[in-house]
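Fold and contact review
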Protein chains: 4
Amino acid sequence: MAFIDASERNIGFTFGGGRDPIAQISPGEPVRVRTQDCFAGRVRSVQDLPSQVCEFPFLNPVTGPLYVQGAQPGDTLAVHLIDLDPVGEVGFSATFPHFGALTGTDATAMLHPALEEVVWEYPLDPVARTVRFTARKAAGGAPPYTVDLPMRPMLGTIGVAPAGGETRMSIVPGAHGGNLDTPLIRAGTTVYLPVNVDGALLALGDGHALQGDGELCGVAVEVPMDVTLVVEVVTGISTPWPRLETDQRYGSIGVARPLEDAYRGSHRRLVDDLCAMTGLDPLDALQLVSQVGMARIGNVVDAEYTVVALINRALFDGEQAYQGAHDRLRAVARVS
Amino acid sequence: MAFIDASERNIGFTFGGGRDPIAQISPGEPVRVRTQDCFAGRVRSVQDLPSQVCEFPFLNPVTGPLYVQGAQPGDTLAVHLIDLDPVGEVGFSATFPHFGALTGTDATAMLHPALEEVVWEYPLDPVARTVRFTARKAAGGAPPYTVDLPMRPMLGTIGVAPAGGETRMSIVPGAHGGNLDTPLIRAGTTVYLPVNVDGALLALGDGHALQGDGELCGVAVEVPMDVTLVVEVVTGISTPWPRLETDQRYGSIGVARPLEDAYRGSHRRLVDDLCAMTGLDPLDALQLVSQVGMARIGNVVDAEYTVVALINRALFDGEQAYQGAHDRLRAVARVS
Amino acid sequence: MAFIDASERNIGFTFGGGRDPIAQISPGEPVRVRTQDCFAGRVRSVQDLPSQVCEFPFLNPVTGPLYVQGAQPGDTLAVHLIDLDPVGEVGFSATFPHFGALTGTDATAMLHPALEEVVWEYPLDPVARTVRFTARKAAGGAPPYTVDLPMRPMLGTIGVAPAGGETRMSIVPGAHGGNLDTPLIRAGTTVYLPVNVDGALLALGDGHALQGDGELCGVAVEVPMDVTLVVEVVTGISTPWPRLETDQRYGSIGVARPLEDAYRGSHRRLVDDLCAMTGLDPLDALQLVSQVGMARIGNVVDAEYTVVALINRALFDGEQAYQGAHDRLRAVARVS
Amino acid sequence: MAFIDASERNIGFTFGGGRDPIAQISPGEPVRVRTQDCFAGRVRSVQDLPSQVCEFPFLNPVTGPLYVQGAQPGDTLAVHLIDLDPVGEVGFSATFPHFGALTGTDATAMLHPALEEVVWEYPLDPVARTVRFTARKAAGGAPPYTVDLPMRPMLGTIGVAPAGGETRMSIVPGAHGGNLDTPLIRAGTTVYLPVNVDGALLALGDGHALQGDGELCGVAVEVPMDVTLVVEVVTGISTPWPRLETDQRYGSIGVARPLEDAYRGSHRRLVDDLCAMTGLDPLDALQLVSQVGMARIGNVVDAEYTVVALINRALFDGEQAYQGAHDRLRAVARVS
């Protein structure tokens, strides 16, 4: 299996923007891609404050762009995540000045000074599949609060060159994917992205060993990650906004502010898809999703917020989304 | 066990407002309360359009108010839901003009005419624990799309007399509870509500046999419900905004617009509670919730939206919320 | 002219709620109503911190309710403000903990501690029609920054008993009026409010000697006020959401969160009114308002935000809103 | 005076993105720039529906980029608008499918079909300084509603290459300026923009003969425009978000969703500027802006909404923003 490392020449900080592809990948052929963590590896201990060791806009590096053979504008790129392996023995999280859902930010401007910037180091236990949280601030002379949490690797950032000739920073989510920060983008999931330029120009990064719904403080348990993936180009179907699929579920990703608009967009497009797959009238599909739709908040901290709307694939009444791309890629994954 | 029926004299359409209590209930003594459906029983077939058969403000009837013995302002009322049994053989759902997340509303005003008003009838199968959806609009001559969905009974509306001398319509959610419309308020859950007046004046209604996250079209599978519940008065702890607890999880309910503010409020208060229970510093608690917090969208359709923020109770490090009220009430439930 | 004082027996802290009317007023007969300031007079120097001297929910007193003779549910109450005279020699403003647009609040919850609570005293000069701002915190040994600002008296709170049997605290704005906090409610303006109960039950308070757009910190230059007003009952026209009118302009008040929904609601209803007055098609009216509509932000700090959408009355093509109520009341004002 | 035409080689559809400058301009030397209308001239009669004659992403052409001599990253670009002259005899407006504040959009997704697409032609009278609105849909046999409206030329779109290596479509507003759509950007105004790359790469377009607050339907009275402007490079002051200044007022432009965040951002930065100019403590500046701040809604329809927060320059206590750039450019304008 081809391996693409995360050396300086292989990473960037934008989606789109004229960087030459670092590699070509072929539909149906699994590839292993290493990603740096969102700090570009500069946080190495709890003394390394991100606002001091990192430098705008060199945040949230993505490995890529990867040129996908055969991908043409108007197609859909299906990216199946076979495996996500955190690299190394620790992850880091932090509060970052004026970033997060419970602090004034550049977008939701307040007059408060920034919350204190603190870094947490999470030792990873790959056998027990846990990460260990230890409080930074002990209360009195008591031993610090510590707890082992389940490891749930996910990919924070995955996307392609945007439409309309745009170039977006890799920390921004949008219709092109990008920094979606939803825990549902994990091993076993297929992400569907628009193809806006020849070769799609896929890039990915921002691995999380664990992240809660909404990424409350703005930073997950950030780790370098080895991502094994396989792609397919679905022709004849365009995907202006991202979707995802697992063995059980099918979902639509909303990206917007305020958060209700992310909810609205994800659900509107899920209703559309349900109609397209089953022939249901839009009002019938609206009704059905009203009763069985699942909504998962991705992030409430980035430039745009994300919500994933999901239904069980069984509701498709035997039909397959994207001409069965997920199941085909899943089969590839099983033998890889 | 005492039974309180849903006859006209036992229902109202507000929380607070000077209606006399219909009954007194005693902490620790289970009681069975019947609730009408949100249409006050006026929708009896798919021909009964809610906008024609229902009349503002006589929507969303709640059974009550129930005077809770011993409840004093500043206390917390713990309401444990032992059992939720849909009454009857069918539930109804509908689109309602200018109501729901994917239509212009009085609050999110648009220039579009209303979506078509349609009623769906859901036969209930209490043995299989399913409700049956059948599409109203057949495509061509094909047999209509139909599917059995899991029955997941929940209570849409539960609350007490509001603070500040306010009276709120029962269709409005708020700090007093009310029309929270979250699927997490189901059998096995304890809801914690503020006590703002002597006796708390508990009322409940709006049973749903099934509801998706966000209640997309604004109407769930609406049913009359028999609700078996038991209460406890927790003294010495006030609860300005609602919380809930199950055997596994502890949660905080945010009620606000826009939806990110419901997310913010629920999570801010969950962080506060985690600090109070464990002695963690707020930044440590923020960090921990960032990685393991679960956010569940309740409704994105009512006068205020709702989000529930949850963590596993194990993070409380052996401490018990509300002096262990949930576990005590759960024990009562097991023997009732 | 009848005078209604602001003694304790004449004030309340809610709209609706069963308080007996303190007086009856007759359409066409001007009356003078004194209002307390929003602190209920408890802030008397910069040493009086509102969070210490005021007590929830005894904030934002309104004088009333006034029973309007002849007002029946379904009518519209037109309230013309003839004169607004600040009472006394000083006004006060303040920052209040967790209140305002640039601080975390109970609704937009953040993890920051509250901004410092500070009180400003504004001497009023009724001859020069100015109020004097003096900085509380001098920079170095320099004389403090001070500036005379124009006095622009306005009424922050005016409303009636809400629909649906609700009772709302006087600090909350809504369809019933209430704490709208828009500078456009000043002498010369007619406010149109719904009549939901017999006699409408008008109440008013929260005079501001001056307030900026949005009431940024949440508190204006707060003063007791003598309000001279005259009312008319408009039968045959209902007003579910408030409107206002001046000699030049006609406006619709939106009350909602997020702020774009206040914009949407105010404009949607202005488009409706323009259609009703002129016979324009909704799309033509939408187009016309798009080019000449004026939007004025009222508050971005209260329980709901407010936006006023306005057009010049000349666009009504000779027709008069509310059967000419404003012009009639204006004529009464001129001779009173 | 140099003239830059709006021929195909001189226009683009992005800010940033590697297009070569079409011209160099020198600080202090007025230049006249022609701009196409937002339809790229393709709407020539009311029969030309924008969704049919225009093609994404070739919307909202901007003339440029103009390389500003001496502008270096970290500087501020002051652009003073000397004169705005609509070109031609008519302007056009339209409803556009799923665009505007009172319709479901791609961002605020609804299930409604699009509102009808209609075009309005506005004859311009350069002598009377009016534009004529005529209703498209006559009611019955009556002569159509028609009215002359004041011409108030403004520039919808002005900006520079974005930070972080981004390229944004010209229809998007942001920290780089872009499609701000605020009526305050008119003759006599100086706009302050960040310089993110050598030469700043200024571009402008989207002239409006008239636009209401919020641009309700999403489209103003769109015209080609001759824009006479003069620039200055202010060194030593960076401007991460746009500001503007007139002879009387100083303002800060907020660009965000939801609309309250545009209000917050614009006001937070205005408070900062007031502190920087006067030495006021932030709380004193907050208080002062609370009483005299003016907020003007720009657009509530674009990818991000805009609000301008303004105060009178007199509050600067004799100090001059941006080292007096506005007054210097104004002096140039007077003699040009």
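Reference entry: report on the structure contained in this document. (Residues numbered from 1 in each chain as written. Chains lettered and ligands numbered in written order. Predicted model: local features only at pLDDT ≥ 70, side-chain atom pairs only at ≥ 80, totals over all residues.)

1. Notes on the interface of chain B and chain A
The extent of an interface is frequently quoted as the accessible surface area lost upon association of the parts. With 54 residues of chain B at the interface, the matching set in chain A holds 54 residues. Contributing elements (two or more residues each) for the side of chain B that touches chain A: strand S11 (146–150), helix H2 (259–278), helix H3 (282–292) and strand S22 (294–297) of chain B. No other element matches H3(B), which puts nine residues into the side of chain B that touches chain A. (Contact = placed C-beta atoms within 7 Å. Helix = DSSP H or I, 4+ residues; strand = E, 2+ residues; numbered from the N terminus.)

2. A few points about the interface of chain C and chain D
On the side of chain D, 54 residues touch chain C, which itself brings 54 residues to the contact. Among the secondary structure elements, those contributing two or more residues to the side of chain C that touches chain D are strand S11 (146–150), helix H2 (259–278), helix H3 (282–292) and strand S22 (294–297) of chain C. Considering every element that reaches the side of chain C that touches chain D, the biggest residue donor is H3(C), with nine residues. Grouping the constituent residues of the side of chain C that touches chain D by class yields 31 nonpolar, 12 polar and 11 charged. (Nonpolar A, V, L, I, M, F, W, Y, C, P; charged D, E, K, R; others polar.)

3. Quick word on the relation of the copies chain C and chain D
Rotating chain C by 180 degrees about the axis while translating it 0.0 Å along that axis superimposes it on chain D, leaving an RMSD of 0.0 Å. What the superposition gives is, in effect, a two-fold axis relating one chain to the other. Of every C-alpha in chain C, the one belonging to C:Leu259 sits nearest the axis of rotation, 2.6 Å from it. By residue overlap, the copies meet face to face through one surface: 100% of the interface positions of chain C are interface positions in chain D. (Least-squares fit on C-alpha atoms with pLDDT ≥ 70 in both.)

4. Structural notes on the sheet that holds S22(B)
Residues and elements named next belong to chain B. Strand order in the open sheet formed by nine strands is S1-S5-S19-S7-S16-S20-S21-S23-S22, and the pairing between neighbours is mixed. With one partner strand each, in any of the chains shown, strand S1 (2–4) and S22 form the two edges of the open sheet. Neighbour to neighbour, the strand axes of the sheet diverge by 25 degrees on average, direction disregarded. Relative to strand S23 (residues 305–312), strand S21 (residues 249–256) runs antiparallel, the two being bridged by eight bridges. In the sheet register, Ser252 faces S23, and the bridge partner there is Ala309. (Pairing = 2+ DSSP bridges. Axes fitted to C-alpha atoms, helices over the stretch in contact; angles between N-to-C directions.)

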